[in-house]
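So you can see what is in the structure, the chains are spelled out below.
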Amino acid sequence: MKKNNIFKVVCVAILIAVILTWVLPSTYFGSAVVDNGRLQIGFTDFFNYLTAIVSYFGYVPLYILAVGGFYGVLYQTNGYRNLLDKLVKTYKGNEWIFLTIVMIVFAVITSVTGLSLGLFFLFPFVITTILLMGYSKITALLTTVGSICIGFLGTSYSIGEVSAINTYLNLTPSSELVTKLVLLVVGLVILIVNVLLYAKKHRIDGPRSGFLYPESENPRAKTWPIVLVMDVVLVFMILSHISWVEVFEVSFFKDALETLNKIKIGDFPIFTKLVGNVAAFGSWQMTDLINVVLVATGAVALLGKVKFNDMLNGFGAGAKRALRPAFVTSLLYVLIFISAYHPYVLTITKPILDLTESFNVVTMSAAAFISHIFNVELYYSASSVIPYIASVITDANVYGVIAIIWQATFGFAMLFIPTSAILVLGLSYLNVSYFKWLKAIWKLVLELLVVLLAIFLILVLI
């Protein structure tokens, strides 16, 4: 089970979802609850859904492969090794500072922008640095994957993932903002304490293996081109995924793009023709980030003086290494089609919600958690159950608490359930056993569970 462990776990999770379509009747909510009977998934259906992944979620493997190719080109430059060595030397004796900074940055970016898969761009760089500092792979995953999950748990200004929740419950992005920030801070404190304690107990001395490190060495190679390119990409990611108009009512980027599109040489719209049909910051999708990563790859090759053939070979080698995580992570998205076309999630969650006549923290949390297990993204998880919740709970005063429960349990669940895309991506990238991961984080999970339930109850009482 050690080899390709996470792939087997994902396959088991999908198999369970398929079996449930044969066992449970399908239920969905329109204007009322509709029982469609059993809608069993057949052999042809399943492979049609696998094909549909390419059409609807093809950006997932493409982005992962693009990032892999980017680092494949980075490995062709001596500057990348020098950058890693400088970081390790800078934080020597104070490695905990680096771990803490990474966790705070990743969590805040996720909370504000909703970026999760996008931050995979930094995974190879950050993880390699952590491993070079003498920490374990689990520590590296806790620092990166863990902080992204906490960012989801404390989603603040990001409206992408929570858009379905806000729509069905008629909430605004600013609803329960103070509570969201409290969740983010408290979650971060718990994560940081657990990571630093775990890291201290699991230091590894001696030569390391199992991660990529440029073999060639040239102390005079410049690091600034790599720092510049990676910083620019990160800035683009952040600016492009902040909801400027919807949340902050800032139309600067939208107006600036309209102005640029009007620039003409004669009757020729030069900017539009050169750049193409680009969206304003705040409206970018993952497909736009793929283009940024590809441009960044060319920039690194140019500034790092990498020969064209070496760039192609490096990109190919890097993309090849990313094939496994790209495939395993993409495979998860078949669950969205299974849940959508064979809707058994409401069948499971409705009896739990109906245990109490009015809003209840425990039953609501349980229903949300179960829904998250069978949906890869919060948007689909919320869409499958919350319309029913809004129909039976008419007291709008508790809608803000319901929204908090759904977003917080999503971030909490993504930390350990086998259908968490960011977790599966991290485990597959580092080839870490899913069960080894569970063994390492169970205390963190229990601590977060207790704290979350306490916060939910406090919200109800006040």
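Here, the structure is the one placed above.
Residues numbered from 1 in each chain as written. Predicted model: local features only at pLDDT ≥ 70, side-chain atom pairs only at ≥ 80, totals over all residues. Heavy atoms only, no water.

A cluster of nonpolar side chains, contributed by Trp-224, Leu-228, Val-232, Phe-236, Leu-302 and Leu-303, occupies part of the molecular surface with about 580 Å² of accessible area. Elements with a contribution of two residues or more to the nonpolar patch: α10 (224-241) and α13 (286-303). Per-element accounting of the nonpolar patch gives the leading share, four residues, to α10. Considering the arrangement of structural elements, one finds Val-232 in helix α10. On the basis of relative accessibility, which here comes to 39%, the residue Val-232 falls in the partly exposed class. (Patch = residues over 30% accessible without salt bridge, like charges linked within 9 Å, V, L, I, M, F, W, Y side chains within 5 Å. Areas by Shrake-Rupley, 256 points an atom, 1.4 Å probe, with all protein chains shown as cover. Salt bridge = Lys/Arg side-chain N within 4 Å of Asp/Glu carboxyl O. Helix = DSSP H or I, 4+ residues; strand = E, 2+ residues; numbered from the N terminus. Buried < 20%, exposed > 50% of the residue type's maximum accessible area, 1.4 Å probe, protein only.)

Here helix α2 (residues 43-57) contains 15 residues, and its C-alpha end-to-end distance of 21 Å stays within 8% of the 21 Å for a straight helix at 1.5 Å per residue. The largest bend along α2 reaches roughly 25° and is located at Thr-51. Those residues of α2 that are buried lie in contact with α3 (59-74), α15 (323-331), α16 (334-341) and α19 (378-392). (Expected span 1.5 Å × (residues − 1). Bend = angle between axes of the 7 residues up to and from the residue. Contact = heavy atoms within 4.5 Å.)

Alignment of strand β1 (residues 26-29) against strand β2 (residues 33-37), held across four bridges, turns out to be antiparallel. When the bridges of β2 are listed, Thr-27 appears paired with Asp-35. The antiparallel hairpin formed by β1 and β2 contains three residues in its connecting segment. (Pairing = 2+ DSSP bridges.)

This paragraph deals with the nonpolar core. With 158 residues, the main nonpolar core has Tyr-63, Phe-70, Phe-121, Ile-402 and Trp-406 as its most contacted residues. Ranked by residues supplied to this core, first place goes to helix α20 (residues 399-414) with twelve residues. The residues contacting Ile-402, other than those within four sequence positions of it, are Leu-169, Phe-359, Met-364, Ile-389 and Ile-393. (Core = buried A, V, L, I, M, F, W, Y, C linked by side-chain atoms within 4.5 Å.)

Time to look at the packing of aromatic side chains. Going through the model one piece at a time under the given rule, you end up with 37 aromatic pairs. Relative to Tyr-429, the ring of Phe-120 lies with its centre 5.8 Å away and its plane at 85°, an arrangement referred to as edge-to-face. One end of the pair, Phe-120, is in the loop between α5 (95-113) and α6 (123-132); the other, Tyr-429, is in helix α21 (residues 421-430), with 309 residues separating them in the sequence. In this structure an aromatic cluster arises from ring pairing among Tyr-49, Tyr-56, Phe-57, Tyr-59, Tyr-333, Phe-337, Tyr-341, Tyr-379 and Tyr-380. (Phe/Tyr/Trp six-rings, centres within 6.5 Å; stacked < 30°, edge-to-face > 60°.)

This brings us to the packing of α5 against helix α7 (residues 137-153). It is at 7 Å that the axes of α5 and α7 come closest, and there the two elements cross at 30°. Regarding the angle of α5 to α7, the classification is roughly parallel. α5 and α7 meet at a crossing whose hand is right-handed. The residues of α7 that touch α5, namely those facing Leu-99, Val-102, Met-103, Phe-106, Ala-107, Thr-110 and Ser-111, are Thr-139, Thr-143, Thr-144, Ser-147, Ile-148, Gly-151 and Phe-152. In terms of residue class, the contact of α5 with α7 is built from seven nonpolar, seven polar and no charged. (Axes fitted to C-alpha atoms, helices over the stretch in contact; angles between N-to-C directions. Parallel < 35°, antiparallel > 145°, perpendicular 65-115°, else oblique. Left-handed = near helix turned anticlockwise from the far one by under 90°. Nonpolar A, V, L, I, M, F, W, Y, C, P; charged D, E, K, R; others polar.)

All right, on to α20 then. Taking 1.5 Å of rise per residue, 16 residues should cover 22 Å, and α20 covers 23 Å from first to last C-alpha, within 8% of that figure. Most of α20 sits out of view: 16 of its 16 residues are buried.

A positive phi angle is found at Glu-176, which is not glycine, with a value near 55°. For Glu-176, the position within the fold is in the loop between α8 (163-169) and α9 (177-201). The phi angle at Lys-305 is positive, at roughly 55°, despite the residue not being glycine. With respect to the element layout, Lys-305 can be found in the loop between α13 and α14 (308-321).

Looking now at the environment of Tyr-80. As for its position among the elements, Tyr-80 is in helix α4 (residues 78-90). Classification of Tyr-80 by relative accessible area gives buried; the value is 0%. The spacing of Tyr-80 and Val-300 is 220 residues in sequence and 10 Å in space, taken between C-alpha atoms.

Within the secondary structure layout, Met-311 lies in helix α14. For Met-311, a relative accessible area of 18% corresponds to the buried category. Remark: the alpha-carbon pair of Met-311 and Gln-76, spanning 235 residues in sequence, is separated by 7.4 Å. Ignoring sequence-local partners within four residues, the contact set of Met-311 consists of Val-73, Ala-301 and Val-306.

Read these as geometric descriptors, not functional statements.
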